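# Structural overview
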Amino acid sequence: MTIANKVVLVTGANRGIGRALVEEALRRDAKRVYAGTRQPWTHPDRRVTPLVLDVTNEAQIQAAVESVEALDILVNNAGLQPYDDLSDRATLEQSLAVNLYGPYGVTQAFLPLLTRSRGAIVNVLSLAAIAAVPFSPAYSISKAAAFSLAQSLRALLARQGLSVHVVLPGPVDTDMSRGLDIPKASPESVARAILDGVEKGEEEIFPDTMSESIAEGWRSGAVKALQRQFAALVQAAPRAA
């Protein structure tokens, strides 16, 4: 998979990693970049087509599908990170709505176009998906669930020629983490590493210094081996009724 001459859709595209991904895709000569944002947004490059797309809004998702003629790469980037203590169920439900059901709904809606192009799905998650961040547990829970979603989609869609990539960044200098006094990667460097990983066919992409420190251990570890073992069972499993 190369980005050049491909059609890319990025959710949460107006700031942070999403905006950096739009710019990086353009730099790599993408044919068209659809930029999904919750509010109307403009971009000076004529290759960018803005879409009003709240990933929790089924009507907006369907309208976006009807506006996109072809799609090679879907980047599920839109996300929500509250700081909570699990005392409020509504916070957990909102996190799941955006971080789990959002990418699920967008992916299912665009699956016919992605199947036609034998394309790629990229889910931007977090290291919190594999190790909970205690001051943001609702976020961690929702990202862990989204990681499981991506693993399941990878195994199920491989027969159709689609690839599914998971991005596991550490802290990034975006609005979500701006108040944290810790080292952070720039959105631009993370966007470059994400698209490098897609082009290299990496299943899990570790796009910054902190996440890179666990990359080798993850790829050669028992959990990844078990993931592959379970994925192989898809061929033998009974189909859903």
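First, a word on what this report is: a plain description of the structure on this page. All values derive from a computational prediction rather than experimental measurement.

Calculation notes
- Residues numbered from 1 in each chain as written.
- Predicted model: local features only at pLDDT ≥ 70, side-chain atom pairs only at ≥ 80, totals over all residues.
- Heavy atoms only, no water.
- Buried < 20%, exposed > 50% of the residue type's maximum accessible area, 1.4 Å probe, protein only.
- Helix = DSSP H or I, 4+ residues; strand = E, 2+ residues; numbered from the N terminus.
- Pairing = 2+ DSSP bridges.
- Right-handed = clockwise from strand over helix to strand, strands pointing away.
- Contact = heavy atoms within 4.5 Å.
- Axes fitted to C-alpha atoms, helices over the stretch in contact; angles between N-to-C directions.

### Some details on the pairing of strand 1 (residues 7-11)
- Within strand 1, five of the five residues are buried, which leaves the element mostly enclosed by the surrounding structure.
- Burial of the side chains of strand 1 extends over both faces: Val7, Leu9 and Thr11 are buried on one face and Val8 and Val10 on the other.
- Pairing geometry for strand 1 and strand 2 (residues 32-37), over five bridges, is parallel. Bridging across to strand 2, Thr11 finds its partner in Gly36.
- Read as a crossover between parallel neighbours, the route from strand 1 over helix 1 (residues 16-27) to strand 2 is right-handed.
- Sheet topology places strand 1 next to strand 4 (residues 73-76); three bridges connect them, and they run parallel.

### Digging into unusual backbone geometry
- Positioned with a positive phi, Asn5 is a non-glycine residue whose angle comes to about 65 degrees.
- Within the fold, Asn5 resides in the segment before strand 1.
- Given the relative accessible area of 56%, Asn5 is considered exposed.

### Considering the sheet that holds strand 7 (residues 204-205)
- In space, the seven strands of this open sheet follow the order 3-2-1-4-5-6-7, with parallel pairing throughout. One side of each edge strand has no neighbouring strand; the edge strands of this open sheet are strand 3 (48-52) and strand 7.
- Strands strand 1, strand 4 and strand 5 (120-124) of the sheet are contacted by helix 3 (residues 89-117), whose axis makes an angle of about 180 degrees with strand 4.

### Focus: the environment of Val75
- By the secondary structure assignment, Val75 is in strand 4.
- Along the chain, Val75 and Thr11 lie 64 residues apart, while their C-alpha atoms are 6.4 Å from each other.

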